[in-house]
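What the coordinates show
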Amino acid sequence: TVVTVNGSASHITPRLLYGQMFEDINSGDGGIYAEMLQNRAFQQVTPNTTAALYAWNTINGAGINVIADPSPVSSALPNSLQLTIPEGASGSIGFGNEGYYGIQINSGWTYNASFYYKFPVTSSFEGAATIALQSAEGQVYASASVSLIGSQTTWNKVAVHLKPTLSPMSTANNFTVTLNAAEAAGETIDFAMFSLFPPTFKGRANGLRIDIATTLYEMKPSFFRLPGGNNLGGTWATRWQWNATVGPLVDRPGRMGDWGYINTDGLGLLEYMYLCEDMEMEPIMAVWAGYSLDGESLPDDALDPYIQQATDQINFVIGDPTVNEYAALRASLGHPEPFPLTYVEIGNEDFFASDSYIYRWKYFAGNLTAAFPQLRFIATTYPFDPILDPVPLQYDNHVYQTPGWFIENAFYYDSFERNGTYYFQGEYAAISLNVSDVFGDGRLMYPTIESSIGEAAYMTGLERNSDIVFAASYAPLLMNVANYQWTPNLIAFDASEVYPSTSYYVQQLFSVNRGTEYLPSTVPTYNGTLYWSVTHDSSASTVLIKVVNVDSTSAPMTFNLPFEVASAGFATVLTGPPTASNSPTTPNAIVPITSPMTFSKSFNFTAPAYSVTVLTTQFV
Ligand SMILES: [NH3+][C@H]1C[C@H](O)[C@@H](O)[C@@H]1CO
């Protein structure tokens, strides 16, 4: 195969071309959000049930129960953990939390632990509570003590630092609060709003787990789509509401997420903005637009309060604190400057409710465009189906398919009219080998080389068409291997490790080597086995050639470049058996390998079987 590369760029690479789609689907709580205690505030649980105590356990016979507290720590957190120490008890007694399927204990870290307590009835008791990190067998790695005072009948927050003496391999550990049973016999004490934080990414308070955030950051993503996806709002009653996710944690009620578990909303709108700021990304932010996954759409005369809520959400992010109260709220929380924001998505996958989207889009996009003429609004129905007014300038397309579909559709956007409409490939992934039931049996647990190079073939088409494709993100982004609702995902993790997939490396190879402008070249064969994309980074004056070979045999190629090049360049290759995956048992089975390569104005390259390669050298 001979590829001749054109010397003049057809278009610039859009600044947001590669980014990340985020929603709390096996990914936020217990994932990138660094809170280590599961069910830390008994949000959204039914008091006086065993279920309300999930992730908590009793130690040495202590009585523990989640109560509807007559004087709760806040109106947002109506439940408390009530500890009763039985008469005649002896030894160390109390309760523990198992974390999110484990707690990583690292002797290099200082942990911040805190909780609120009160005595429901005043008592003469005054004694020490020991706060500790210990193995499931009871080996104490770190502890600190606080004194609890029986006359404290209003909520009092205590906070300690914990510094483990060693780093056990196992994550089967507990956070514990214990008292001396003899001293505390007969006492009843209420607790609320626990928290245990490790160090966070860039030291941000209430921030992100360092290893997961670093893995995201190393993909050099340019945008972060939030908060969903389905998790934007499954039902009217439990939809994501920005204002319930900002301010002190003790004032956040949490909600039942759309993926079967309670969202603490500790990772809230401001934390999302800080995530974008700390990783140099721009948010693509969704607003709830009146459709619920249970099929209900609000009628057109009931939208105003939700358009107002969306307006307030946008003002919280970009408003002027001197004129808007929600912008002033942002300033009061520590960020007077507006965050960067260009794109706002109206709903999510509204092709499920396109009839009502005709009026929902009309009123949401119409009103929000008037309020924020500088923003660009993304529609989530199929392009031009139905016809919408005002005419959307952006659409968000989603596709989950087989690797073969992605190969066959590497030219998907080539046929799109260039009519001023731009496209966001907001979700895509090769998820199954079962062409007859993509979402059913045959789902991949982890991406494989076969699925990842299928995505790569498709991505060469996204680059060729990035004059109209302005952003693209694989979905879903993260997977807690101990508790997940969807497979495959880009990055898996457990309580102590992160497992970047073969698809993560494809995303990284394309994102890091995106270039600044697209150089047209010989067009690949439709539904063939070889795909490529050539870009130029005008600041580094490098040429970046991505080559995808989906065949089982290597492919000899010749590239004819438009300019002289430095002879010393590099080839970074991701390849392996088609069924190979990175997983907790094979964490680094497949990683990109970079090696020096000699280039010339016309050079040969043999693309390995089942491979994605980035060739790069400098124009001289
Ligand atoms: N069904 C997918 C489409 C929806 O937008 C996401 O929440 C789901 C997982 O990425």
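Structure: above.
Because the structure is predicted, anything quoted here is derived from the model rather than measured.

Paired through their backbone hydrogen bonds, the strands of a sheet run either parallel or antiparallel. The strand order across the open sheet formed by five strands is β4-β7-β12-β9-β10, and the pairing between neighbours is antiparallel. A single partner strand is all that each edge strand has here, and the edge strands are β4 (56-59) and β10 (140-149). Looking at each pair of strands side by side, their axes are set apart by 20 degrees on average, direction ignored. In the sheet, strand β9 (residues 126-135) pairs with β10 via nine bridges, with the strands oriented antiparallel. Looking at β10, one finds that G127 is bridged to L148.

Right, let's talk about the sheet that holds strand β29 (residues 555-560) for a bit. With mixed pairing, the three strands of this open sheet are ordered in space as β1-β29-β32. A single partner strand is all that each edge strand has here, and the edge strands are β1 (2-4) and β32 (602-607). Within this sheet the neighbouring strands show an average axis-to-axis angle of 25 degrees, counted without direction. In the sheet, β29 pairs with β32 via six bridges, with the strands oriented antiparallel.

What follows covers the nonpolar core. Residues I32, F224, L269, I314 and I346 are the most contacted members of the largest nonpolar core, which totals 109 residues. If sequence neighbours within four positions are ignored, I346 has contacts with V287, A289, Y357, W361, F364, L368, F377, I378 and T380. Membership of the second largest hydrophobic core comes to 45 residues, among which are I85, A142, A184 and I262.

Attention shifts here to empty space enclosed by the protein. Applying the stated criterion across every chain, the model contains four cavities of 30 Å³ or more. One number sums up the size of the largest cavity: a volume of about 90 Å³. In terms of lining, the largest cavity is formed by 13 residues, of which the most central are L232, G233, Y291, G347 and N348. A class-by-class count of the residues in the lining of the largest cavity yields five nonpolar, six polar and two charged.

Before going further, it helps to spend a moment on the pattern of salt bridges. Across all of its chains, the model carries 18 salt bridges by this definition. Notably, a salt bridge pairs D414 with R464, separated by 2.8 Å at the nearest N-O pair. With D414 in the loop between α8 (403-408) and β21 (422-430) and R464 in helix α9 (residues 449-464), this residue pair connects regions lying 50 residues apart in the sequence. K546 serves as the salt-bridge partner of E463, at 3.1 Å between the closest nitrogen and oxygen.

Another point: the side chain of S123. Position of S123 among the secondary structure elements: in the loop between β8 (111-118) and β9. Residue S123 is classed as buried on the basis of its relative accessible area of 16%. A distance of 2.9 Å separates a polar atom in the side chain of S123 from a polar atom in the side chain of E187. Once residues lying within four places of it in the same chain are set aside, the contact partners of S123 are G150, S151 and E187.

Next up on the list: the pairing of strand β33 (residues 611-618). With seven of its eight residues buried, β33 lies for the most part within the structure. When strand β28 (residues 542-549) meets β33, the two strands line up antiparallel, connected through eight bridges. Bridge pairing in β33 links I545 to L615. Here strand β30 (residues 568-575) pairs with β33 via six bridges, running antiparallel. Counterpart to V573 in the pairing with β33 is T613.

In contact at an axis separation of 8 Å, α9 and helix α10 (residues 502-512) are set at 25 degrees when each is read in the N-to-C sense. By the angle between their directions, the pair α9 and α10 is classed as roughly parallel. In the packing of α9 onto α10, the handedness of the crossing is right-handed. Contacts between α9 and α10 involve I449, S451, S452, E455, A456, M459, T460 and E463 from the former and T502, S503, V506, Q507 and F510 from the latter. Of the residues that constitute the contact of α9 with α10, the class distribution is five nonpolar, six polar and two charged.

The next subject is the site of the ligand. Every residue close to the ligand is listed here: E23, G229, N230, W259, N348, E349, H398, Y400, E427, P476 and W486. Between an oxygen atom of the ligand and a main-chain N or O atom of N230, the distance comes to 2.7 Å. Take N348: an N or O atom from its side chain is 3.1 Å from an oxygen atom of the ligand. In isolation the ligand has 290 Å² of accessible area, and contact with the protein removes 93% of it. Taken together, the residues of the shell around the ligand sort by class into four nonpolar, four polar and three charged.

Calculation criteria
- Residues numbered from 1 in each chain as written.
- Predicted model: local features only at pLDDT ≥ 70, side-chain atom pairs only at ≥ 80, totals over all residues.
- Heavy atoms only, no water.
- Pairing = 2+ DSSP bridges.
- Helix = DSSP H or I, 4+ residues; strand = E, 2+ residues; numbered from the N terminus.
- Axes fitted to C-alpha atoms, helices over the stretch in contact; angles between N-to-C directions.
- Core = buried A, V, L, I, M, F, W, Y, C linked by side-chain atoms within 4.5 Å.
- Buried < 20%, exposed > 50% of the residue type's maximum accessible area, 1.4 Å probe, protein only.
- Contact = heavy atoms within 4.5 Å.
- 1 Å grid on protein atoms, 1.4 Å probe; cavity = no way out; pocket = protein on both sides within 12 Å on 5 of 7 lines; lining within 4 Å.
- Points joined across faces, edges and corners; volume = space filled by probe spheres on them.
- Nonpolar A, V, L, I, M, F, W, Y, C, P; charged D, E, K, R; others polar.
- Salt bridge = Lys/Arg side-chain N within 4 Å of Asp/Glu carboxyl O.
- Polar contact = N/O pair within 3.5 Å; in protein donor to acceptor, adjacent residues only side chain to side chain.
- Parallel < 35°, antiparallel > 145°, perpendicular 65-115°, else oblique.
- Left-handed = near helix turned anticlockwise from the far one by under 90°.
- Near = heavy atom within 4 Å.
- Areas by Shrake-Rupley, 256 points an atom, 1.4 Å probe, with all protein chains shown as cover.

The values are spatial; any link to function lies outside them.
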